Amino acid sequence: MQRIKIVSTGLYLPPRKQTASELAPLLGRSEKWIISRTGVVERRIAEEPMDSMAASYGFPAEKTVNIVQHVGNTIATSIPMALATADAKNMMKRGDLILLGGTVAGLSVAFAIIRW
């Protein structure tokens, strides 16, 4: 039986804000329409591409997997697909620390570090 251990947690809050009123003209909808359907009044926008963010944390390009450029944003399956891609390319071995990162429509970003 494998055991899972959370070794660290963190938080990143992108500095750029976008309100529903700023988003409204871009979508051709009203602020009220956006809020009524999403419940979101203000968003934070992660502007850095994932590759740039990984590099800024010291992860070299040859150690990163970005599937978005090949298959698009596959939402909930993005991280499992990236893990499968890295595994198929023999980029990981048992005991490695793996940084998982994902974005939600480019508006927010989250990371998790796991031991493979």
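What counts, and at which threshold
- Think of each chain on its own: its residues are numbered from 1, step by step along the sequence as written.
- Since the coordinates come from a predicted model, pLDDT governs what is reported: local features require at least 70, and pairs of side-chain atoms require 80 or more to be given and counted, while whole-chain, interface and lining totals use all residues.
- Note that the side-chain values use all heavy atoms of the structure and ignore hydrogens as well as water.
- The rule is short: rings of Phe, Tyr and Trp, with Trp giving its six-membered ring, pair when the centres are within 6.5 Å, and they are stacked under 30 degrees, edge-to-face over 60, tilted in between.
- Two thresholds decide whether a charge sits over a ring: the Lys NZ or Arg CZ must be within 6 Å of the ring centre and within 35 degrees of the ring normal.
- You can read pLDDT as the predictor saying how much it trusts each residue, on a scale of 0 to 100.
- A run of H or I in DSSP counts as a helix once it spans at least four residues, and a run of E counts as a strand once it spans at least two, with each numbered from the N terminus.
- Summary of the burial criterion: residues with accessible area below 20% of their type's maximum are buried, those above 50% are exposed, and those between are partly exposed, where the area comes from a 1.4 Å probe applied to protein chains only.
- Whenever a nitrogen or oxygen atom comes within 3.5 Å of another N or O atom, the pair is scored as a polar contact, on the condition that within protein one atom can donate a hydrogen and the other can accept it, and that pairs from neighbouring residues in sequence are kept only if both atoms are in side chains.
- Any two residues whose heavy atoms approach within 4.5 Å at even a single point are treated as in contact.
- Regarding the arc, it is the one traced by the directions from the helix axis to the C-beta atoms.

## Comments concerning the packing of aromatic side chains
(1) Moving on: Within the structure shown, the criterion is met by zero aromatic pairs.
(2) Moving on: One Lys or Arg, R29, reaches over the ring of W33 and ends 4.5 Å from the middle of that ring.

## Description of the confidence of the model for the protein chain
(1) Moving on: On average, residues of the protein chain score 78 in pLDDT, and 78% of them are at 70 or above.
(2) Moving on: Considering each helix and strand of the protein chain separately, the mean pLDDT is smallest for helix 4 (residues 68–71), with a value of 63, and largest for helix 2 (residues 31–38), with 89.

## With respect to the side chain of D96
(1) Moving on: Relative to the helices and strands, D96 is located in the loop between helix 5 (78–88) and strand 3 (97–104).
(2) Moving on: On the accessibility criterion, D96 (18% relative accessible area) is buried.
(3) Moving on: Within the structure, D96 has its side chain in polar contact with the backbone nitrogen of K93 (distance 2.9 Å).
(4) Moving on: With near-sequence residues (within four places) excluded, D96 lies in contact with M91, I114, R115 and W116.

## Things to note about the environment of T9
(1) Moving on: Tracing the chain through its elements places T9 in the segment before strand 1 (16–19).
(2) Moving on: Residues T9 and I113 lie 104 residues apart in sequence; the distance between their C-alpha atoms is 7.8 Å.

## What about helix 1 (residues 20–27)?
(1) Moving on: Restricting attention to buried positions, one finds in helix 1 the residues A20, L23 and A24. Down the axis of helix 1, the buried side of the element spans an arc of 120°, and every buried residue falls inside it. Projecting away from the buried face of helix 1 at angles above 90 degrees are the exposed residues P25 and L26.
(2) Moving on: Once helix 1 finishes, G28 follows within two positions and takes phi at roughly 70°, a positive value.

## Concerning the environment of M92
(1) Moving on: Structurally, M92 is set in the loop between helix 5 and strand 3.
(2) Moving on: C-alpha of M92 to C-alpha of K63: the two residues are 29 residues apart in sequence and 9.1 Å apart in space.
(3) Moving on: Leaving out residues up to four positions away in the same chain, M92 has contacts with L83, A86, D87, I98 and W116.

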